[in-house]
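The residues making up each chain are set out below.
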Amino acid sequence: MSAILCLFMLLWWQPAQAADDIELSEEDVACQTCHDGKDHLVKKTEAGETVSLMISTKDFLASMHNETSCTDCHEDIDEKNHGKVEVPMESKRAYRMSYQDSCTTCHKKNVAKYKDSVHAMLVSDGSDKAPTCSDCHNSHTQLSIKVVEPIANVPCANCHKKIFEAYAQDVHGLERVAKGKSAPICADCHQSHAIQAASLGSALKDSCLTCHKDAAAKHEDWLPNSGRHFESISCPVCHAPDAQRRVNLRMVDAVGGAQLLEKKGVPQFERLTQAADDGNTSLNERELRSFLKEFNLENVDNKAILNGRLEVRSGVSAHQLAEKEKALKDCKICHQAGATPFQSVVLTMAGPDGRAMRHGVEKEVLNSLTAMGTMRGFYAIGSTRIKMLDYLLVLVVLGVLCVPIAHLTANQLFKGRREKLKAQRQAAQTAAEK
Ligand code: HEC
Ligand code: HEC
Ligand code: HEC
Ligand code: HEC
Ligand code: HEC
Ligand code: HEC
Ligand code: HEC
Ligand code: HEC
Ligand code: HEC
């Protein structure tokens, strides 16, 4: 026992010793004579902010960059004049942006993923709020991502404060605090670098199912065609019990079914919805149809149809998931005339960066058969007033549920009629031959 204990102690002790052994190179020690001194070194930016120039040697040595030299990242330090001649700094943000490409040499993969994200697109469109690498990582103090930090240290919390607060109190946030990494934090659902707009595609839903592998089967126990429900209802609709809900009519390609993205620099959605909408508030059935017609005239290659989906109305409520006992189970919440989730309808198209652009639609559109022509595969039985469709779908459902019985019964019921028809057909055929 004590031998094993000793071995463990040794194994545990060695890396700690190794970390202690790491020392700054001579070159870096030189930097730190000024940057980790007792005097508080600060700098004023032209925008009026105060930037601390103190770099803690202790934190730096504990960080993942402890074997990276200062000048690997700060290549352009002018040895002769540095620290003696003042160099103007426009603003903190501008300074950070000047290091935007400095990580590429060593972290190519992450840079490539990030370049594909909604954040990077916002930055390249001139956003001064969307993050670059340094907004999420402090190069001088970055710990290993294996270290489980308090959830409040997640970089996303700085900018998506309300969502973080909601998350911190929901099933996952609480579980994360209690049990650590098995429960998801922002990046486990959204990814950390290739972050896409939330309502684009099905990546978020798929991420739920990578952890909750048996969820589809468990829902199937009580929810008929749960696959279909999953396709057209975002998980938080049922799992965030207090959320407000709405129908989102997403514009998708008639052929592949992929969401249509507005081309950069070619504004169509806003222009065409405005043009179609007399009152500029929400589209009625006629206006929606004329909008689609105009849109399809301009986009002959990608004919747009609508794909309905139930979703929560605010980004915050998507992060208020509750324990399963509180989830919506009552079919009537959706399958009933006047069902509340169907009282609010929006039309959306994905903008150039994937984020949704929206325009209101009158809820009566859902009741109209003609509008349905452009809306393949979204119809919640009972929620609208198209009685004929209700009856048809109830029949379909009954059919699915009791195919064998229905089959036999129908066989019996229609036996006489079928034989009569057969005889008639034969008679007609012989008449024709004659
Ligand atoms: C892995 C790359 C990297 C290494 C290694 C690194 N830095 Fe930095 N440093 C940056 C980046 C990126 C910024 C600008 C972004 C920011 O504000 O964090 C920066 C900013 C600074 C600043 C301006 C103040 C500030 O925090 O914004 C000082 C001073 C500085 N570094 C000194 C050092 C010194 C001294 C060392 C070595 C002990 C060092 N850096 C090592 C990447 C690095
Ligand atoms: C003699 C002291 C001294 C030494 C040595 C020194 N610095 Fe500085 N450093 C300063 C001062 C002072 C400033 C503020 C200059 C200003 O206001 O323009 C500064 C600013 C910086 C900044 C902020 C951006 C800028 O250019 O203003 C970075 C980054 C930085 N130093 C990195 C380093 C690195 C890396 C080394 C080692 C290679 C180093 N410094 C060595 C004194 C020093
Ligand atoms: C929006 C915030 C955010 C931005 C922007 C961001 N990261 Fe990250 N990064 C994270 C988070 C969160 C993690 C750890 C989460 C995880 O994947 O487990 C991480 C992990 C990493 C890791 C270690 C894990 C790995 O995949 O190798 C590296 C290296 C890294 N980031 C580099 C970068 C670089 C370089 C950039 C700029 C191109 C960048 N990050 C931009 C949030 C961000
Ligand atoms: C000169 C090479 C170099 C540069 C430039 C560099 N890094 Fe690193 N970085 C490393 C090394 C080495 C590690 C140690 C872990 C490893 O091998 O991935 C590391 C680790 C990291 C980690 C933690 C990875 C983990 O697995 O926990 C993050 C996050 C990170 N770097 C972000 C950045 C960011 C952001 C920048 C740009 C501001 C940057 N790095 C620039 C060399 C570099
Ligand atoms: C359990 C998975 C999960 C976690 C963890 C998670 N999200 Fe989300 N997030 C979602 C889902 C699902 C949506 C809604 C997508 C939809 O429209 O169906 C969403 C939407 C968003 C949106 C878009 C909101 C809007 O206004 O449309 C942002 C921003 C966001 N999340 C940021 C975060 C941040 C920051 C964190 C961490 C504090 C986080 N998310 C944690 C699953 C998650
Ligand atoms: C420096 C600030 C900043 C940080 C840090 C940050 N974001 Fe963002 N993020 C933004 C801004 C600004 C937008 C665009 C405005 C918006 O939609 O909220 C955005 C947009 C998003 C969107 C798209 C929202 C939509 O409408 O679909 C998602 C998803 C998202 N962020 C997730 C994250 C996650 C996850 C993290 C942490 C890994 C994170 N963000 C870190 C500033 C930030
Ligand atoms: C129509 C509403 C509805 C939708 C849509 C829905 N759920 Fe559920 N879910 C429920 C209800 C109700 C329960 C509790 C069932 C019970 O009583 O056992 C549940 C249970 C769960 C459970 C717990 C399973 C268990 O018994 O261990 C998980 C995990 C879950 N859902 C995840 C998801 C995910 C992920 C999605 C999206 C892909 C989703 N749900 C979509 C209503 C829904
Ligand atoms: C990284 C893995 C992971 C991801 C991704 C994830 N979850 Fe979870 N989820 C957990 C863990 C762990 C728990 C708490 C333990 C449990 O009850 O299963 C949990 C709990 C839940 C519960 C409560 C179940 C109950 O028994 O009361 C629901 C509902 C749920 N998750 C839905 C979702 C939805 C919806 C998504 C996607 C938006 C999602 N989860 C994404 C790991 C994950
Ligand atoms: C949160 C709202 C919601 C709840 C709760 C809900 N449904 Fe649905 N259901 C829908 C929507 C929306 C559709 C339309 C799906 C489509 O056409 O894409 C649908 C479709 C259906 C269909 C047709 C499926 C098919 O194969 O086309 C049946 C059957 C059905 N629901 C039965 C039920 C039953 C039974 C319950 C209760 C156990 C229930 N639903 C609970 C929203 C809901």
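Heads up: these notes are all about the structure in this document. Because the structure is a prediction, the values reported are computed rather than measured.

Here is what the cut-offs are and how they apply
- Residues numbered from 1 in each chain as written.
- Chains lettered and ligands numbered in written order.
- Predicted model: local features only at pLDDT ≥ 70, side-chain atom pairs only at ≥ 80, totals over all residues.
- Heavy atoms only, no water.
- Near = heavy atom within 4 Å.
- Polar contact = N/O pair within 3.5 Å; in protein donor to acceptor, adjacent residues only side chain to side chain.
- Helix = DSSP H or I, 4+ residues; strand = E, 2+ residues; numbered from the N terminus.
- Donors = N, O, S within 2.8 Å, 3.2 Å for Na, K, Ca; no water.
- Tetrahedral: all angles 85-135°; square planar, octahedral: opposite > 155°, others 65-115°.
- Buried < 20%, exposed > 50% of the residue type's maximum accessible area, 1.4 Å probe, protein only.
- Core = buried A, V, L, I, M, F, W, Y, C linked by side-chain atoms within 4.5 Å.
- Contact = heavy atoms within 4.5 Å.
- Phe/Tyr/Trp six-rings, centres within 6.5 Å; stacked < 30°, edge-to-face > 60°.
- Lys NZ or Arg CZ within 6 Å of the ring centre and 35° of its normal.
- Pairing = 2+ DSSP bridges.

**Description of the site of ligand 5**
Step number 1: Contacts to ligand 5 come from 19 residues, most closely from C186, C189, H190, R309 and H319.
Step number 2: Taking S234, its side chain carries an N or O atom lying 3.3 Å from an oxygen atom of ligand 5.
Step number 3: R309 is positioned with one of its side-chain polar atoms (N or O) 2.8 Å from an oxygen atom of ligand 5.
Step number 4: Among the secondary structure elements, those contributing two or more residues to the shell around ligand 5 are α9 (161-169) and α11 (186-190).

**Points about the coordination of the iron atom of ligand 3**
Step number 1: Donor atoms from the polypeptide that coordinate the iron atom of ligand 3 comprise H137 (NE2) and H193 (NE2), at 2.0 Å from the metal.
Step number 2: Each of the six donor atoms around the iron atom of ligand 3 contributes to a set of angles spanning 87 to 180 degrees, which defines the coordination as octahedral. Of this pair, H137 sits in the loop between α8 (133-136) and α9 while H193 is found in the loop between α11 and α12 (203-211), placing the two residues 56 residues apart along the sequence.
Step number 3: Residue H137 is classed as partly exposed on the basis of its relative accessible area of 32%.

**Considering the coordination of the iron atom of ligand 2**
Tetrahedral coordination by four donors sets the ideal angle at the metal to 109.5 degrees; octahedral coordination by six donors sets it to 90 or 180 degrees.
Step number 1: Surrounding the iron atom of ligand 2 are the protein donor atoms H35 (NE2) and H82 (NE2), at 1.9 to 2.0 Å.
Step number 2: With six donor atoms in place around the iron atom of ligand 2 and angles of 87 to 179 degrees between them, the coordination shape is octahedral. Of this pair, H35 sits in helix α2 (residues 26-35) while H82 sits in the loop between α4 (70-73) and α5 (92-97), and the two are 47 residues apart along the sequence.

**A few points about the site of ligand 7**
Step number 1: Close to ligand 7 lie 15 residues, the nearest being H219, C235, C238, H239 and K329.
Step number 2: At 2.7 Å from a nitrogen atom of ligand 7 is found a side-chain nitrogen or oxygen belonging to H239.
Step number 3: Between ligand 7 and K324 there is a distance of 3.2 Å, counted from an oxygen atom to a side-chain nitrogen or oxygen.
Step number 4: Of all the elements in the fold, those that place two or more residues in the shell around ligand 7 are α12, α13 (215-220) and α15 (235-239).
Step number 5: Considering every element that reaches the shell around ligand 7, the biggest residue donor is α15, with three residues.

**Considerations on the nonpolar core**
Step number 1: Judged by nonpolar contacts, the single largest core of 29 residues is most densely connected at M251, F291, F295 and L347.
Step number 2: Sorting the residues of this core by element identifies β3 (245-253), α16 (269-276), α17 (285-298), β5 (304-312) and β6 (345-350) as the ones contributing at least two each.
Step number 3: The residues touching F291, leaving out its near neighbours within four places in the chain, are M251, F269, L272, T273, A276 and L347.

**Topic: the packing of aromatic side chains**
Step number 1: Scanning the entire structure with this criterion turns up four aromatic pairs.
Step number 2: Between Y95 and Y99, the ring centres sit 5.2 Å apart and the planes meet at 75 degrees, which makes this aromatic pair edge-to-face.
Step number 3: We classify Y95 as partly exposed; its relative accessible area is 36%.
Step number 4: Judged by its relative accessible area of 17%, Y99 is buried.
Step number 5: The ring of W222 carries the charged tip of K329 above its face, separated from the ring centre by 5.4 Å.

**So, the side chain of H219**
Step number 1: Of note, H219 is situated in helix α13.
Step number 2: Excluding residues within four positions of it along the chain, H219 makes contact with S226, F230 and H239.

**Thoughts on the environment of P236**
Step number 1: On the secondary structure map, P236 appears in helix α15.
Step number 2: In contact with P236, other than residues within four places in its own chain, are V312, S317, A318 and L321.

**Structural notes on the pairing of β6**
Step number 1: Most of β6 sits out of view: six of its six residues are buried.
Step number 2: Neither face of β6 is left uncovered, since the one carrying V345, L347 and M349 and the one carrying V346, T348 and A350 both have all their residues buried.
Step number 3: By the bridge criterion, six bridges tie β6 to strand β7 (residues 356-361) in an arrangement that is antiparallel. For V345, the partnering residue across the bridge sits in β7 and is V361.
Step number 4: Between β6 and β7, which follow one another and run antiparallel, lie five residues, and G354 among them has a positive phi close to 95 degrees.

By themselves, these figures tell us nothing about what the structure is for.
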